[in-house]
Amino acid sequence: MNAHKRRQIFERLRALDPAPTTELEFRTPFELLVAVILSAQATDVGVNRATRRLFAVANTPEAILELGLEGLKAHIRTIGLFNSKAANIIRTCEILVRDHRGEVPRDRAALEGLPGVGRKTANVVLNTAFGEATIAVDTHIFRVANRTRLAPGKTPLEVERKLMRFTPAAFRRDAHHWLILHGRYTCRARRPLCEQCVIHDLCEYRDKTAPGPLPAVAGTD
DNA sequence: AACTCGGGGCA
DNA sequence: TGCCCAGAGTT
């Protein structure tokens, strides 16, 4: 597909939300890091409820270490996988204090070395806290990429590399947010709103003439 | 590649 | 009830 066509696609997605940002609530890079660790296989609404409780009490590595494992769990119990997430956050706080002066490193390798932080979380932090042009492939983006001809791939990393190549440079920083919003509200896992889709001309999945819902496409889980 | 963690939202 | 949710770590 030529550059002009690819640019048009992102112009259409951008029109839906010209100044996109994450739905996760945060004030500092550290708050974002914790919120994204908590968001694995959880809804952002649930994560925001938990982080509001937590950050009101502790929003630095030092403060969370003072809270302790059980104190931390008390605030995030309503989120799935909270046992492993709490343990990972404590260990991450220890490493931040010991090796990074209590601050979130702006470095992919350092981020991915933190417990609970994989490639997706590192990409969100690099993008949204530090303004770098990364694409964090989550369940929504993976679904959009595979339902369309944008960037079909078997693994999130393959999809990420294809999306980086597909996306014109001027759109690379915010492409992540637009694709996620499109996956959340239009190209939903169940009952996608194909009639309002701005990139349905790229859809390999839908029979455009047949009414009715799309069959579900699994995410990364 | 497959498995496990996991409470909550939603149809 | 079953599926899905801004995944990561282990085997």
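See above for the structure.
Keep in mind that this is a model prediction, so the values were computed, not measured.

A. Broad picture of the protein's contact with DNA strand C. Of all residues adjacent to DNA strand C, which total 27 residues, the nearest are T22, E23, T121, H140 and I180. At a separation of 2.4 Å, a base nitrogen of DNA strand C approaches a polar side-chain atom of T22. Interatomic distance of 3.1 Å between a backbone N/O atom of Q41 and a base nitrogen of DNA strand C. When residues of the surface near DNA strand C are traced back to their parent elements, those giving at least two are α7 (119-129), α8 (139-147) and α10 (172-185).

B. The arrangement of the protein's contact with DNA strand B in detail. DNA strand B sits among Q41, R49, R77, T78, I79, G80, L81, F82, N83, S84 and R190. The sugar-phosphate backbone supplies 53% of the atoms of DNA strand B found within 4 Å of the protein. Measuring from a base nitrogen of DNA strand B, one finds a backbone N or O atom of G80 at 3.5 Å. Taking N83, its main chain carries an N or O atom lying 3.2 Å from a phosphate oxygen of DNA strand B.

C. Representation of the pattern of salt bridges. One pass over the structure, following the stated rule, counts eleven salt bridges. The salt bridge involving K73 is made with E70; its shortest N-O contact spans 3.9 Å. Note that K73 and E70 are positioned in helix α4 (residues 61-76) at a spacing of three residues, about one turn of the helix. Note that E112 and R119 form a salt bridge whose closest N and O atoms lie 4.0 Å from each other. For E112, a relative accessible area of 32% translates into the label partly exposed. Look at R119 and you get partly exposed, because its relative accessible area is 33%. Ionic contacts of the salt-bridge type, sharing partners, join the residues R108, E112, R119 and E160 into one network.

Calculation criteria
- Residues numbered from 1 in each chain as written.
- Chains lettered and ligands numbered in written order.
- Predicted model: local features only at pLDDT ≥ 70, side-chain atom pairs only at ≥ 80, totals over all residues.
- Heavy atoms only, no water.
- Near = heavy atom within 4 Å.
- Polar contact = N/O pair within 3.5 Å; in protein donor to acceptor, adjacent residues only side chain to side chain.
- Helix = DSSP H or I, 4+ residues; strand = E, 2+ residues; numbered from the N terminus.
- Salt bridge = Lys/Arg side-chain N within 4 Å of Asp/Glu carboxyl O.
- Buried < 20%, exposed > 50% of the residue type's maximum accessible area, 1.4 Å probe, protein only.

The values are spatial; any link to function lies outside them.
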